[in-house]
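Commentary on secondary and tertiary structure
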Amino acid sequence: MSALLTKIPENIPQDIRKIRIENSHLTELPRGSFSNVSALEYLWLNFNNITVMHLKSLEDLQTLKELRLQGNKLRSVPWTAFQDTPALKILDLKHNRLDVLPEHALRYLPNLTYLDLSSNQLTVISRDVFSSWPVYQRSQRAEGSMDHAANAVLALHGNPWICDCRLRGFVQFIKAVGPPIILMNSYLTCSSPKFRAGKFFHEVELNSCMKPLASALDTNLTVPVGLNVTLTCYVQASPSPAVWWTYAHKPLRAFNVSTAPAGEEMLRSELHIAAVRPIDAGHYTCTATNFLGNASVGIALRVEPLPAALATAMMAATAAPGPPAHVEVRIAKQTVYGITLEWRAAATDAGDTWYTLHLGRYDAARKDTVSVGPGVHTYSVGDLLPATKYEVCVAVRDQVPRKGQCVVFVTGSDVSQLEQREKLIHIVVIICAMVLAVPAGMYACTAEARPGCVARGLAPCRGGRRGERAPRSGPDSSLDSLPGGSEEGLCRPGSGKRLPRAGDEPERPGKARPGARNSADLY
């Protein structure tokens with residue numbers, strides 16, 4: 001208990017029947033974790049940090065009756081591992097992070113009498129998970145006979161169930177289940193969708209899954225220029241689909257789209273276009289998709305210019321109060337994928353002013369627009385492309401953005417690209433330093449080396465040819481004729497004679513020895 005164990009202890013006695021390791025630092029159950037303890041019957045490993053369980057972690061545990069793994073961090077369990085534990089009766093997996101229960105999960109637990117899967121992350125379970133459970137199969141066979149199957153306790157509460165068509169079979173199983181299978185808590189509740197959140201299973205009726213069906217009340221719209229337009233489509237599907245809008249085969253930004261439930265299996269999606277212009281005309285498509293398929297509906301938008309007289313009157317009415325209001329715009333925050341804008345309007349009634357944001361790529365002819373209500377002076381966009389040049393303008397609604405009300409900016413590069421570029425720069429710098437260091441070191445060494453020293457170093461090679469003597473270096477030798485530094489240590493003091501080389505006669509005892517060599521001689 002509360003020991004600083006990071007792995008299963010070794011050399012456990014073979015006759016041990018019960019092991020309990022809790023509140024430790026175990027992170028995995030490797031292959032054959034307890035294969036040397038063949039008599040083990042009870043294994044408690046609660047409240048550790050186990051995240052991985054090997055397929056053969058329960059190998060050779062034929063007599064194991066109880067396995068408790070409560071309070072760990074398991075996201076999945078290798079259910080076929082229980083083929084090695086045919087005598088297992090109690091399996092406790094509550095307070096883990098299991099989010100999937102495959103159809104074959106319970107097939108290898110024929111003698112289980114207690115299964116606790118509560119407080120995990122299970123959202124959807126197929127009914128077939130339990131139809132393949134031997135305990136459930138025996139209970140079905142015992143219904144019409146005098147045989148009585150042993151009771152089995154099942155705990156499934158505390159999971160975030162998604163109550164849509166995918167859970168229909170499981171909900172029907174929970175409603176119909178009875179002895180010998182006993183639910184520890186029969187009041188299982190829905191977590192989503194929102195209109196079913198908090199409801200008990202026995203309170204909901206789930207329909208079969210359905211492919212999306214998209215429709216629109218009006219697929220052809222004709223509006224005058226300058227009007228605010230809302231395009232609406234309705235989608236019927238189960239489970240709830242993902243919905244998006246496209247214009248000229250390009251997806252439109254989410255801040256112009258609002259999607260909300262319009263019924264139990266119906267969604268209403270709206271695309272808002274503020275102060276429509278002739279460039280906004282075209283074909284818009286509403287698309288919905290779920291795991292069964294997708295569907296779409298198109299809406300054609302036509303923008304009519306105002307009559308000349310009416311346009312002149314509107315322009316005069318707009319210009320009558322005074323010059324257009326000036327809006328000061330700045331970028332308050334910028335990230336790789338988005339920006340946060342702030343603006344301030346120089347108008348007396350700024351508290352009642354609506355604004356229109358125009359955002360798009362700098363070279364795009366058509367910018368996305370979004371309307372912002374009174375009292376709001378900041379807006380964030382978070383789905384921009386990295387390393388791209390954009391332009392954003394803020395203007396009072398129904399007015400054209402003027403010079404000074406637009407900001408041009410470039411989004412940052414992707415973090416992964418920056419890291420790769422940084423590593424490449426480091427590698428190039430290191431290689432350059434190594435390449436530059438080699439000639440510099442050679443020059444530093446050879447600058448102090450004497451030609452006589454070089455000649456002396458080459459002499460043994462010349463003299464190694466079948467015992468012939470190396471030729472003396474005369475005054476015209478190319479190496480001896482090179483300019484050098486001090487002769488100290490290389491030639492005898494006071495004479496121009498060279499030091500003896502390999503193949504020369506040995507020095508006579510009476511002659512003076514040369515002085516000490518300097519660093520160049522050593523080199």
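Residues numbered from 1 in each chain as written. Predicted model: local features only at pLDDT ≥ 70, side-chain atom pairs only at ≥ 80, totals over all residues. Heavy atoms only, no water.

Some remarks on the overall build of the protein
The helix and strand tally for the protein stands at seven helices and 27 strands. Classification of the 523 residues of the protein by burial places 35% in the buried group. Excluding contacts between residues fewer than 6 apart, the proportion of contacts in the protein whose partners are at least 24 apart in sequence is 63%. Carbon together with sulfur atoms contributes 55% to the accessible area of the protein, which is approximately 29900 Å² in total. (Helix = DSSP H or I, 4+ residues; strand = E, 2+ residues; numbered from the N terminus. Buried < 20%, exposed > 50% of the residue type's maximum accessible area, 1.4 Å probe, protein only. Contact = heavy atoms within 4.5 Å. Areas by Shrake-Rupley, 256 points an atom, 1.4 Å probe, with all protein chains shown as cover.)

Structural notes on the packing of aromatic side chains
Per the stated rule, a full pass over the model turns up eleven aromatic pairs. Centroid distance Phe 130 to Phe 170: 6.0 Å. Interplanar angle 20°. Geometry classified as stacked. Pair noted here: Phe 130 is in helix H1 (residues 128–131) and Phe 170 is in helix H3 (residues 168–176), with a separation of 40 residues, a long-range link. By the burial criterion, Phe 130 is buried, and Phe 170 matches it. Between Trp 161 and Phe 201, the ring centres sit 6.3 Å apart and the planes meet at 65°, which makes this aromatic pair edge-to-face. Separated by 40 residues along the polypeptide, Trp 161 in strand S9 (residues 161–162) and Phe 201 in the loop between strand S11 (190–192) and strand S12 (210–215) bring together distant segments of the chain. Assigned by exposure class, Trp 161 and Phe 201 land together as buried. Through a chain of ring-to-ring contacts, three or more aromatic side chains come together here, namely Phe 130, Tyr 136, Trp 161, Phe 170, Phe 173 and Phe 201. Of note, Lys 18 hangs over the ring of Tyr 42, and the distance from its end group to the ring centre comes to 5.3 Å. The cationic tip of Lys 389 hangs over the ring face of Tyr 362; the distance from NZ or CZ to the ring centre is 4.1 Å. (Phe/Tyr/Trp six-rings, centres within 6.5 Å; stacked < 30°, edge-to-face > 60°. Lys NZ or Arg CZ within 6 Å of the ring centre and 35° of its normal.)

Notes on the pattern of salt bridges
Throughout the structure, instances matching the rule amount to 16 salt bridges. For Arg 20, the salt bridge goes to Glu 22, with nearest N and O atoms at 3.1 Å. Between Asp 280 and Arg 277 there is a salt bridge, with its nearest N and O atoms 4.0 Å apart. Taking the relative accessible area as the measure of exposure, Arg 277 reaches 31% and is therefore partly exposed. Several salt bridges converge on common partners, so that one network encompasses Glu 66, Arg 68, Asp 92, Lys 94 and Asp 116. (Salt bridge = Lys/Arg side-chain N within 4 Å of Asp/Glu carboxyl O.)

Notes on the nonpolar core
Grouped burial of nonpolar side chains is what soluble globular proteins tend to show. One finds Leu 67, Trp 79, Leu 91, Phe 130, Trp 133, Phe 170 and Phe 201 to be the most contacted residues of the largest nonpolar core, which totals 58 residues. Sort the elements by how many residues they give to this core and H3 lands first, with four residues. Those residues within four positions of Phe 130 in sequence are excluded, and the remaining contacts are Leu 106, Ile 125, Tyr 136, Leu 154, Leu 156, Phe 170 and Phe 173. Judged by nonpolar contacts, the second largest core, of 24 residues, contains Ala 214, Leu 231, Leu 252 and Ala 295. (Core = buried A, V, L, I, M, F, W, Y, C linked by side-chain atoms within 4.5 Å.)

Considerations on a nonpolar patch on the surface
On the surface, Ile 427, Ile 431 and Val 435 cluster together into a nonpolar patch covering about 280 Å² of accessible area. Looking at the secondary structure, you find Ile 427 in helix H5 (residues 415–448). (Patch = residues over 30% accessible without salt bridge, like charges linked within 9 Å, V, L, I, M, F, W, Y side chains within 5 Å.)

Structural notes on the side chain of Glu 391
Mapped onto the secondary structure, Glu 391 falls in strand S26 (residues 389–396). Residue classification places Glu 391 among the buried positions, given a relative accessible area of 18%. For Glu 391, the contacting residues outside a window of four places in its chain are His 358, Leu 359, Gly 360, Arg 361, Tyr 362, Lys 367, Cys 406, Val 407 and Val 408.

Digging into the sheet that holds S26
Strands sit in the order S24-S23-S26-S27 across an open sheet of four strands; the sheet is antiparallel. Of all strands in the sheet, those with a lone pairing partner are strand S24 (368–372) and strand S27 (406–410), marking the two edges. Averaged over all adjacent pairs, the angle separating strand axes in this sheet is 20°, with direction ignored. Of the pairings in the sheet, the one linking S26 to S27 comprises five bridges and is antiparallel in character. (Pairing = 2+ DSSP bridges. Axes fitted to C-alpha atoms, helices over the stretch in contact; angles between N-to-C directions.)

Observations regarding the side chain of Ser 33
Tracing the chain through its elements places Ser 33 in the loop between strand S2 (28–29) and strand S3 (42–44). Using a relative accessible area of 12% as the deciding quantity, one classes Ser 33 as buried. Engagement of the side chain of Ser 33 in a polar contact is seen with the backbone oxygen of Pro 30, the distance being 2.6 Å. Those residues in contact with Ser 33, other than ones at most four positions away along the chain, are Ile 8 and Ser 57. (Polar contact = N/O pair within 3.5 Å; in protein donor to acceptor, adjacent residues only side chain to side chain.)

What about the environment of Lys 199?
Structurally, the position occupied by Lys 199 is in the loop between S11 and S12. With a relative accessible area of 35%, Lys 199 lands in the partly exposed category. In this structure Lys 199 touches Leu 188, Thr 189, Cys 190 and Val 204, once residues within four positions along its chain are discounted.

Comments concerning the confidence of the model for the protein
Mean pLDDT over the protein: 79, with 75% of residues reaching 70 or higher. pLDDT under 50 marks residues 464–497. Its contacts with residues more than four places away, or in other chains, come to 47 contacts. (pLDDT = per-residue confidence, 0-100.)

A closer look at unusual backbone geometry
Across the junction of Pro 179 and Pro 180, the peptide omega takes the value 15°, indicating a cis bond. Relative to the assigned elements, Pro 180 resides in the loop between H3 and strand S10 (181–183). With an omega dihedral of 0°, the bond running from Ser 238 to Pro 239 counts as a cis peptide bond. Mapping Pro 239 onto the fold places it in the loop between strand S14 (229–238) and strand S15 (242–247). Of note in the backbone geometry, Ala 248 takes a positive phi value of approximately 55° without being a glycine. Within the secondary structure layout, Ala 248 lies in the loop between S15 and strand S16 (250–251).

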